[in-house]
Amino acid sequence: MLFKLLDKDEFKNLVNILLQSNEVIAPKQVGVNVTGKTLHQYLPVTSFDEIDLTYETTQYSAKTYFLPYKENLSTYRFDEKDWKQEIRYRQEPRVMLGLHACDIHALLKLDKVLARDNFPSPYYIARRKNAFIIGIDHEPCEGGFCRSLGTDTVNNGFDLFLTDLGERYFVSINTDLGYRVLLQVKTKDVTEEDTRKYLLTRKSISDAFQTHVNVQNLPNLLDLEFESKVWNKWGQKCLSCGSCSMVCPTCYCYGVTERVSMDFKSGAKVKQLYSCNLVDFATVAGGHNFRPNRETRLKYRYYHQHRGFVESYDEPKCVGCNRCGRVCLAEINPPDIIRDIQMEER
Amino acid sequence: MRYLSIEPTKPKVAVFDFTSCEGCELQLANKEETLVDFLKAVEIVNFREVSSAKSDDYEIAFIEGAVSRSDEIERLKKIREKARVLVALGCCACYGGVNKLKNAFDLSTANREIYGNYPKDSMPVRAIKDVVPVDMEIPGCPVNKEEIERIIQHLLLDINYNFPVYPVCVECKQKFNVCMFEKGQLCLGPIARAGCSAPCPTGGLGCYGCRGPAADPNYDEFFEIARRRGFAEQEVNERLSFFGGFNGIAMGVQK
Amino acid sequence: MKIPLYHYDIMKEREIQQPVDFNRHRRLKHTDKTFKAEISSITTLTDMEKLFHLRILDEAERERFTFLPGQFVMLEVPGYGEVPISISGSPSNKGLIELCIRKAGTVTGVLHKAKRGALVGIRGPFGTHFPLEKMKGYDILLIAGGLGLAPLRAPIFAVTENRPDYRKVDIMYGTKDPSQLLFDYQYEQWRRIDGVNLHIIVEKADDKWTGDVGLITKLFDKIEIVPHETYAIVCGPPVMFKFVCAYLSKIGVPMDRMFVSLERRMHCGMGKCCRCNIGSTYTCIDGPVFDYWTVMNLKEAI
Ligand SMILES: Cc1cc2nc3c(=O)[nH]c(=O)nc-3n(C[C@H](O)[C@H](O)[C@H](O)COP(=O)(O)OP(=O)(O)OC[C@H]3O[C@@H](n4cnc5c(N)ncnc54)[C@H](O)[C@@H]3O)c2cc1C
Ligand code: SF4
Ligand code: SF4
Ligand code: SF4
Ligand code: SF4
Ligand code: SF4
Ligand code: FES
């Protein structure tokens, strides 16, 4: 990896250049909640001033730019006795600016399922390869436990990564494209002093983590505690509303429905992201539901995050951003659940 | 449908209004882009909003509105006899809708208050299914035209239509909304059935549950959340009874 | 100044330009491209089930479509939906795909309305298959309950078409009542094959029924099983295969020589939608065919 220094003014220039000819997605403040906390979302921006890189976290993750909530897998033209199927993949590049490490890790995890395993998804790959990703370091967000999962720092999966050193950014360059893009503005070489400052900043960020979750032996524990009362306790609270999965940066499951136009001349096969907490996730024709209870569904979500994924890819699916915990009206959150599971074992 | 070697049929459709605002009927005649095709797919034989034709020969009857007068019962029973498929259209027809609010008042007092010294023939408001058997219920206030179109497409083939069973939160989240609770407002989204694409929270108003309850709603926890966030029982209960879909459900009442 | 962010066009990838072949799991492909197929014939089996013969229109695609007994396809009715259906026909009958479909909901409902000549879409084949190679030289039990005969018909074809490879073959089939018996026109043919025994039982007889009455496990009284020389394939609802496998296990047939086909909700067939997931297992990739030992070890499997 190459490193450079970028003055903040030059960074602004860079963003403006990027904005001239590309769609740019960046964190934007969208309001405040009742307690006065600012709320942010990754949204398309048209000027540098709309961007707020000091954001703590976003409510929604960046995944929706790679896995949209709704997407046409194919469309149909019906012509009397025949039909024609059409499939289109994204071709337009897009800048994803200001992603935190957890969101980049989430993409790396999604890559494992959607780009590298059986039946790689051309829809995902096309979006992924058309994304120019600029990450940024930040103070830990409230309740985030990414450090416990090793997703608080990231070494690949981005083009450029920024660490704020006050007047300037310390830039890690991970791709040739990132290097070439950076050539458009003035950068400085990194001195020993800068490196020292960078390491200090990194250390102070790591030290600031408040939330720790013990994930040691978790896959095994989940298996042993399959019948645990913990699920009953938390399951009773679950509203089966799916909000957790909607905001989760790594939840990718979906349902497919099809539709025809009213003139019966066209149709579409539509993919819509789903959640294993929703009541009919595992219902089959005839009405049998393989997971009829809230607690089995909630348990399953944790299984996929912390056990199933580990079995397939040797790491949990969860990146510890705690978005699901924050959004849950019933206050169901991974740190508490995992703590309960660990306690059960003692 | 010719690609399936099925010759499309053109079912005869009638639309009748009972006690309602006619908003759902208007929805049927709405959405100009597709209205012509919609009217091509079916043969409308009785529908005040779009034509003056009046025929008693129909297969599918859409009933809008609730039943609130005794003459309406007779009329409904006649329609039921003629229709092969009877569809309750909209919240009022499915649950009684806003009209049902009046059941909470003493009827004669309400009558006097509204109609003064000339009381009208009135009785407790009833949903269509409480009077005659219903083949399909399309909830919503008003109904969602896109959904109606899809249902018509399914009725043409005589196959069932699967309504979403999950709560409004799913569709609300898919619109990137900030949760109404975050903004300090009440919302029935977590217990209300989706399918509307969450226009209310998207527009800054908490959900009133016009499509009735989601499948297996977690009322206990919902009330707990409302309590924790400082909403009074009365406010929650008024919200629950607004459209009549949560009949018999109330916060603070032991089951 | 313009930054050279390039347009990545996935269509330029060499892999995706190759013809779509779902048997090549790892290759980048148009995952949602369907093979257009014509319903070339429809046979009514009962009030609820019909047998559809499908022929893929494109000759090259038809040539590429090969499957093994136990695998399934995703069958799409454009505009109405896509459903997983086991292939019910013979693997050796190239170009003809037989699907036995029960009217159960939206998509299957449309299919039951469709007429000969209808154009539908197929993706697949997907999933695991019955290990007919390993079963060679053994006694074979082929057991179906209800609609289970649809998936079981593929191994029945495979075994009867390669008769010398297998020893004694017993086909056991049970339904609720005689009106639900599928493929009754084929029984005579199966019965006449040397060394193949067909046993049929119904739970409730009607006026005309003269055969056995009872649960499918009752048929075991009639069959001689040499436990260590036997492989079994069991297709049917979970309650049925649970009892059948428990019986077989009790008499000493190893659990990893019994094979069942599991049903789950499916929206992709490719390990992506998670709907078919059992614990950490994807029914569409690791199944639908599992040996019973694996099923016993799957949490929430039955
Ligand atoms: C591996 C496998 C093999 C199968 N083989 C056969 C067969 O040979 N013959 C047969 O008649 N049926 C078979 N089924 C069951 C068949 O897939 C369902 O009956 C069918 O999906 C119902 O779809 P529907 O649209 O008619 O019903 P609806 O209830 O309207 O379902 C709507 C949607 O839900 C999903 N869904 C509902 N039930 C199921 C289900 N059981 N499995 C998967 N997805 C479901 C589908 O996406 C479907 O489009 C099989 C299922 C699996 C998993
Ligand atoms: S865990 Fe929370 S957010 Fe997720 S479905 Fe349950 S109630 Fe909704
Ligand atoms: S955890 Fe549940 S919601 Fe998330 S991807 Fe897995 S199945 Fe889907
Ligand atoms: S499960 Fe929760 S904490 Fe883990 S990645 Fe998803 S949203 Fe973040
Ligand atoms: S605003 Fe209402 S519908 Fe939307 S997420 Fe919040 S509770 Fe659910
Ligand atoms: S958000 Fe609630 S009240 Fe509004 S349309 Fe949807 S179900 Fe009805
Ligand atoms: S059917 Fe989608 S993961 Fe198995």
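Residues numbered from 1 in each chain as written. Chains lettered and ligands numbered in written order. Predicted model: local features only at pLDDT ≥ 70, side-chain atom pairs only at ≥ 80, totals over all residues. Heavy atoms only, no water.

## Considerations on the site of ligand 3
Put simply, the rule is: Each residue is tested against the molecule or strand, and it is near if at least one of its non-hydrogen atoms lies within 4 Å. Here a strand is any run of E in DSSP of at least two residues, a helix any run of H or I of at least four, and the numbering for each starts at the N terminus. Any residue that is not Ala, Val, Leu, Ile, Met, Phe, Trp, Tyr, Cys, Pro, Asp, Glu, Lys or Arg is counted as polar, Gly included; the first ten are nonpolar and the last four charged.
Close to ligand 3 lie Ser 245, Cys 251, Tyr 252, Cys 253, Ser 275, Cys 276, Tyr 300, Arg 301, His 304 and Lys 317 of chain A together with Cys 274 of chain C. Neighbouring residues of ligand 3 are not confined to a single chain but are spread across chains A and C. Element by element, the count of residues in the shell around ligand 3 is highest for helix H10 (residues 294-313) of chain A, at three residues. Classifying every residue of the shell around ligand 3 by side-chain character gives six nonpolar, three polar and two charged.

## Quick look at helix H3 (residues 106-113) of chain C
Here is the rule: Relative accessibility decides the category of a residue: with a 1.4 Å probe and only protein chains considered, values under 20% of the type maximum give buried, values over 50% give exposed, and everything between is partly exposed.
Counting buried residues along H3 of chain C, seven of its eight residues qualify, which places the element largely inside the surrounding structure. Taken together, the buried positions of H3 of chain C are Thr 106, Val 107, Thr 108, Gly 109, Val 110, Leu 111 and His 112 of chain C.

## Some remarks on the nonpolar core
Note the cut-off: Residues belong to a common nonpolar core when they are buried Ala, Val, Leu, Ile, Met, Phe, Trp, Tyr or Cys residues joined through side-chain atoms within 4.5 Å. In what follows, residue pairs with any heavy atoms lying within 4.5 Å of each other are defined as contacts.
Among the nonpolar cores identified, the biggest contains 178 residues, and Phe 62 and Ile 138 of chain B together with Leu 54 and Tyr 80 of chain C are the most heavily contacted of them. By residue number, the principal contributor to this core is helix H2 (residues 101-116) of chain A, which donates seven residues. With residues near it in sequence (within four places) discarded, Leu 54 of chain C still touches Ala 37, Glu 38, Ile 39, Ser 40, Leu 75, Gly 95, Leu 96, Ile 97, Leu 99, Val 120 and Ile 122 of chain C. Counting 33 residues, the second-largest nonpolar core is a separate cluster that includes Phe 130, Tyr 173, Ile 200 and Cys 235 of chain C.

## Some words on the domain arrangement of chain B
Residue and element names in this part refer to chain B. As a reminder of what qualifies: Domain segmentation is taken from an automatic or database assignment of domains. Once two parts are put together, the accessible area they lose, assessed with a 1.4 Å probe and summed over both, is termed the buried area. What makes a salt bridge here is a side-chain nitrogen of Lys or Arg within 4 Å of a carboxyl oxygen of Asp or Glu, nothing more.
Each assigned domain of chain B is listed with its residue range as follows: domain 1 (12-157) and domain 2 (168-241). At the interface, eight residues of domain 1 touch seven residues of domain 2. Here domain 1 and domain 2 share an interface that buries about 600 Å² over both sides, 45% of which is from carbon and sulfur atoms. Area buried by domain 1 at its contact with domain 2 is led by Tyr 95, Pro 139 and Asn 144, which between them contribute 51% of it. Between domain 1 and domain 2 we count one salt bridge in total. Close ionic contact of Glu 147 with Arg 211 constitutes a salt bridge, the shortest N to O distance being 3.0 Å.

## Details of the pairing of strand E11 (residues 266-273) of chain A
All names here are of chain A. Threshold: DSSP calls a pair of strands paired once it identifies at least 2 bridges connecting them.
Burial analysis of E11 places seven of its eight residues in the buried class, which makes it a mostly covered element. Two elements, strand E4 (residues 70-79) and E11, share seven bridges in a ladder whose sense is antiparallel. Bridge pairing in E11 places Tyr 76 opposite Gly 267. Pairing geometry for strand E10 (residues 254-260) and E11, over seven bridges, is antiparallel. Paired with Tyr 254 across the two strands is Leu 273, which belongs to E11.

## A look at the interface of chain C and chain A
Our working definition: N or O atoms within 3.5 Å of each other form a polar contact, as long as, within protein, one can give a hydrogen and the other can take it, and as long as residues adjacent in sequence are counted only when both atoms are side-chain atoms.
Taken together, the contacts link 57 residues of chain C with 63 residues of chain A. Summing both partners gives a buried area of about 5,500 Å² for chain C against chain A, and 56% of it is carried by carbon and sulfur. For the pair chain C and chain A, the number of links is five salt bridges. As a salt-bridge pair, Asp 117 of chain A and Arg 26 of chain C come within 3.4 Å of each other at their nearest N and O atoms. One can count 30 residue pairs in polar contact (both at pLDDT 80 or more) joining chain C with chain A. Of all the secondary structure elements, the ones that give two or more residues to the side of chain C that touches chain A are strand E3 (72-77), strand E4 (81-86) and strand E6 (119-126) of chain C. For the side of chain C that touches chain A, the element with the highest residue contribution is E6 of chain C, accounting for five residues. Its residues placed into classes, the side of chain C that touches chain A shows 24 nonpolar, 14 polar and 19 charged.

## Remarks on the site of ligand 4
Taken together, 13 residues form the shell around ligand 4, and within it Cys 248, Cys 318, Cys 321, Asn 322 and Cys 324 of chain A come nearest. Looking at the shell around ligand 4 residue by residue, the classes come out as eight nonpolar, three polar and two charged.

## Focus: the packing of aromatic side chains
Short version of the rule: Centres within 6.5 Å make a pair out of two Phe, Tyr or Trp rings, where for Trp the six-membered ring is used; the pair is then stacked when the planes are under 30 degrees apart, edge-to-face when over 60, and tilted otherwise.
Applying the stated criterion across every chain yields a total of 36 aromatic pairs over all chains. An angle of 45 degrees between the planes, with centres 5.9 Å apart, marks the rings of Phe 72 of chain C and Phe 126 of chain C as tilted. Here Phe 126 of chain C lies in strand E6 and Phe 72 of chain C lies in strand E3, a separation of 54 residues in the sequence. An identical accessibility class is assigned to Phe 72 of chain C and Phe 126 of chain C; each is buried. Between Tyr 138 of chain C and Tyr 231 of chain C, the aromatic rings sit 4.9 Å apart at their centres with planes inclined by 85 degrees, giving edge-to-face as the arrangement. Here Tyr 138 of chain C, found in the loop between E6 and strand E7 (139-145), pairs with Tyr 231 of chain C, found in strand E11 (residues 230-235); they are 93 residues apart in sequence, far enough to count as distant. Since its relative accessible area comes to 22%, Tyr 138 of chain C is described here as partly exposed. Put simply, the rings of Phe 181, Tyr 219, Phe 222, Phe 223, Phe 231 and Phe 246 of chain B touch in pairs and so form one group of aromatic residues.

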